[in-house]
Amino acid sequence: MSFTTFDAPGAGTGGGQGTWAQNLNAAGIAVGFYYDGSGVGHSFVRGADGVITTFDPPSVTGSDAEAINDSNVIAGHLVASSGWPNRGYVASYDPSSHAVSEITSFLVTYGSGCIGVWVGRNSLNAGGDLVGHFVDNSGCGSGYPHGFIRHSDGSFTTFDLP
């Protein structure tokens, strides 16, 4: 068994900074995030050939990539430049050009007010469906968590355990 260590370009070296690899697909493509020297998070994808592409969805103050499936669809969450609430995003990765494209951010519709969205490392299936959780509008950060599925067609199913 061997290990490959790497740092994303621009990753800070101070306390709480650096590179976090989060998920790996069958082709050996990894995604994750890094905190720069100012403590701001950014997404990255590392191709199977070792080339690292850093990216942020448009109009954000920070992001992190959490999952990649075998179709090279990336999922993560971000903080918009307008602030709360957190949003989720999906994007496409082309391993031949190392380009990240078709970045789409989303919020879950549930009541009104503040809703934050988070996705996890093992949250994206082969068909592009994404699972995560969100916090409802019960107080902008002190609300109640609920589950969601974002289907590959962009529609949502929300759920709570009984």
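The structure displayed is predicted, hence computed values, not measured ones. (Residues numbered from 1 in each chain as written. Predicted model: local features only at pLDDT ≥ 70, side-chain atom pairs only at ≥ 80, totals over all residues. Heavy atoms only, no water.)

Structurally, S43 can be placed in strand β3 (residues 41-46). Within the local environment of S43, its side chain forms a polar contact with the backbone nitrogen of D64, the two atoms lying 3.4 Å apart. Leave out the neighbours within four places in its chain, and S43 touches G32, F33, Y34, T53, T54, F55, D56, S63, D64, A65 and Y89. (Helix = DSSP H or I, 4+ residues; strand = E, 2+ residues; numbered from the N terminus. Polar contact = N/O pair within 3.5 Å; in protein donor to acceptor, adjacent residues only side chain to side chain. Contact = heavy atoms within 4.5 Å.)

Our next topic: the nonpolar core. Of all hydrophobic cores here, the largest spans 14 residues; its most connected members are V45, F55, I74 and Y89. If near-sequence neighbours (up to four positions away) are discounted, I74 is found in contact with V31, V45, F55, A65, A67, I68, Y89, V90, A91, Y93 and L124. Counting residues in hydrophobic clusters, the runner-up holds 10 residues, among them F106, V117, L124 and F134. (Core = buried A, V, L, I, M, F, W, Y, C linked by side-chain atoms within 4.5 Å. Buried < 20%, exposed > 50% of the residue type's maximum accessible area, 1.4 Å probe, protein only.)

Strand order in the open sheet formed by 4 strands is β1-β2-β3-β4, and the pairing between neighbours is antiparallel. Since the sheet does not close on itself, it has two edges, and those belong to β1 (18-24) and β4 (52-55), each with one partner. Strand-to-strand, the axes of this sheet are offset by a mean angle of 25 degrees, without reference to chain direction. In this sheet, strand β2 (residues 30-35) lies alongside β1 in antiparallel orientation, the contact comprising 6 bridges. Bridge pairing in β2 places W20 opposite F33. (Pairing = 2+ DSSP bridges. Axes fitted to C-alpha atoms, helices over the stretch in contact; angles between N-to-C directions.)

Moving on: the side chain of N23. Along the polypeptide, N23 turns up in strand β1. Taking relative accessible area as the criterion, N23 reaches 14% and is therefore assigned buried. Looking at N23, its side chain comes within polar contact range of the main-chain nitrogen of I68, at 3.2 Å.

The next thing to look at is the environment of V90. Tracing the backbone through its elements, the reader meets V90 in strand β7 (residues 83-94). Separated by 15 residues in sequence, V90 and S105 place their C-alpha atoms 6.6 Å apart. In this structure V90 touches I74, A75, E102, I103, T104, F106, L130 and R150, once residues within four positions along its chain are discounted.

For the rest of this paragraph, the subject is the packing of aromatic side chains. Overall, the coordinates contain 6 aromatic pairs when judged by the stated rule. Considering the side-chain rings of W20 and F33, the 5.3 Å spacing of their centres and the 10 degrees angle between planes classify their relative orientation as stacked. Of this pair, W20 sits in strand β1 while F33 sits in strand β2, and the two are 13 residues apart along the sequence. An angle of 85 degrees between the planes, with centres 5.2 Å apart, marks the rings of W20 and Y35 as edge-to-face. A residue pair is termed long-range when its members are at least 10 positions apart, and W20 in strand β1 and Y35 in strand β2 qualify at 15 residues. Here W20 falls in the partly exposed class, since its relative accessible area comes to 32%. Ring pairs connect the aromatic residues W20, F33 and Y35, which therefore count as one cluster. (Phe/Tyr/Trp six-rings, centres within 6.5 Å; stacked < 30°, edge-to-face > 60°.)

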